[in-house]
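What follows is the residue order along each chain.
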Amino acid sequence: MAQVEQLLKYQQEDGKLLKIEQEVASSDERKKYVQAKNFLTKAPEKLDQLEAKAGELQVILQSLIKRYEEICETLKDFEHVDELVQGGAEVAFYKKNVSSIIDQIKSLKAEIASLTANIKASDEEYQALKKKTISVQKQYKESSEIYKAYKDSKMQEIKEIQKELASLEKQIDPKLISKYKEKRSERIFPVLCSINANRCSKCGSELSIAGLEKARLGEALECENCHRFLYQKK
């Protein structure tokens, strides 16, 4: 039972350390720091994507403008349509071709207008993101300093707890404390729980007869379901 008692004392101190860790992790100081850090981590990739998109749109725009100019050029072929008609040319043929060319020009103008608006929107998004990135860089520096100061304010208390944990650890079997730390790293807490009515007090799983006998002898056993250490209260 001595080992169980020592492990309970260790867990009690460890619980204080966990509480501080949780306070730091959920603090506004850390949230602001992490938010700014995450934004700056993703911003360069987003800026590159917007820049690449703008370049691609510009290439398409130039292609459309060139096509538009080429089609407009074909209209010059109809400048002397009156003379051609007077010479006996088929009027319907020329009307059909002119109508088709005008439809193409209208379609291209619409595409060019839409593409130009898209390029403008992409550029505005790029400029806005760039401006925000510069602003967040300043926020990140400030939040980083504030978060560091907040963590530093907790260090004295943390060091005192760690010192006590180191002292208690010397009185516990190395294999047992090693398993305890392994479970703690897996976010299992509390690691050591009592047995209640022949069941794990944490998850409610019923213990085997062999397990109960082991606990009766003052040994810590492992719950087969939640994998916590279990002990029998005196």
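Residues numbered from 1 in each chain as written. Predicted model: local features only at pLDDT ≥ 70, side-chain atom pairs only at ≥ 80, totals over all residues. Heavy atoms only, no water.

Student: Just checking my understanding: could you explain the overall build of the protein chain for this structure?
Tutor: If you tally the helices and strands in the protein chain, you get 6 helices and 4 strands. Counting from the amino terminus, helix and strand elements in the protein chain follow one another as α-α-α-α-α-β-β-α-β-β. Burial statistics for the protein chain: of 234 residues in total, 29% are counted as buried. Pairs at least 24 apart in sequence give 76% of the contacts found in the protein chain among residues at least 6 apart. With an accessible surface of roughly 16000 Å², the protein chain has 50% of that area assigned to carbon and sulfur atoms. (Helix = DSSP H or I, 4+ residues; strand = E, 2+ residues; numbered from the N terminus. Buried < 20%, exposed > 50% of the residue type's maximum accessible area, 1.4 Å probe, protein only. Contact = heavy atoms within 4.5 Å. Areas by Shrake-Rupley, 256 points an atom, 1.4 Å probe, with all protein chains shown as cover.)

Student: Where do I start with the packing of aromatic side chains in this structure?
Tutor: Given two aromatic rings, one states the distance between the centres and the angle between the planes to describe the pair. Scanning the entire structure with this criterion turns up 3 aromatic pairs. Aromatic side chains Y33 and Y140 sit 5.7 Å apart centroid to centroid with 25° between the ring planes, which places their arrangement in the stacked category. Residue Y33 is found in helix 2 (residues 28-74), and its partner Y140 is found in helix 4 (residues 91-169); the two are separated by 107 residues along the sequence. Ring centres of Y33 and Y147 lie 5.1 Å apart, and the angle between their planes is 25°; this geometry places the pair in the stacked category. One end of the pair, Y33, is in helix 2; the other, Y147, is in helix 4, and 114 residues separate them in sequence. The same class applies to Y33 and to Y147, which are both buried. Ring pairs connect the aromatic residues Y33, Y140 and Y147, which therefore count as one cluster. Positioned over the ring face of F229 is K183, at 5.2 Å from the centre of the ring. (Phe/Tyr/Trp six-rings, centres within 6.5 Å; stacked < 30°, edge-to-face > 60°. Lys NZ or Arg CZ within 6 Å of the ring centre and 35° of its normal.)

Student: Is there a simple way to explain helix 2 in this structure?
Tutor: The periodicity of an α-helix, 3.6 residues per turn, causes residues three or four positions apart to be oriented the same way. Between its first and last C-alpha atoms helix 2 spans 67 Å; for 47 residues at 1.5 Å apiece the expected length is 69 Å, and the two agree. By the largest-angle criterion, A43 marks the main kink of helix 2, which is about 35°, and a proline, P44, follows within four residues. All buried positions along helix 2 are accounted for by Y33, A36, F39, A43, L47, L50, L57, L61, L64 and I71. (Expected span 1.5 Å × (residues − 1). Bend = angle between axes of the 7 residues up to and from the residue.)

Student: Explanation requested: the side chain of Q6 in the structure shown.
Tutor: Relative to the helices and strands, Q6 is located in helix 1 (residues 2-25). Contacts of Q6, omitting those with residues within four sequence positions, involve L168, Q171 and I172.

Student: I would appreciate a short explanation of the nonpolar core in the present structure.
Tutor: In globular proteins that are soluble, nonpolar side chains generally tend to be buried together. Core analysis: the biggest nonpolar cluster contains 21 residues, and L7, Y10, I172, I177, Y180, L192 and F229 have the highest contact counts within it. Mapped by element, the contributors of at least two residues to this core are helix 1, helix 4, helix 5 (174-185) and strand 4 (229-231). (Core = buried A, V, L, I, M, F, W, Y, C linked by side-chain atoms within 4.5 Å.)

Student: Would you explain unusual backbone geometry in this entry?
Tutor: Note: most residues except glycine have negative phi, and most peptide bonds are trans. Of the consecutive residues F189 and P190, the connecting peptide bond is found in the cis state with omega at 0°. Tracing the backbone shows P190 in the loop between helix 5 and strand 1 (192-196). Of note in this structure, R187 is not a glycine but carries a positive phi near 65°. Within the fold, R187 resides in the loop between helix 5 and strand 1. Assessed through its relative accessible area of 80%, R187 is described here as exposed.

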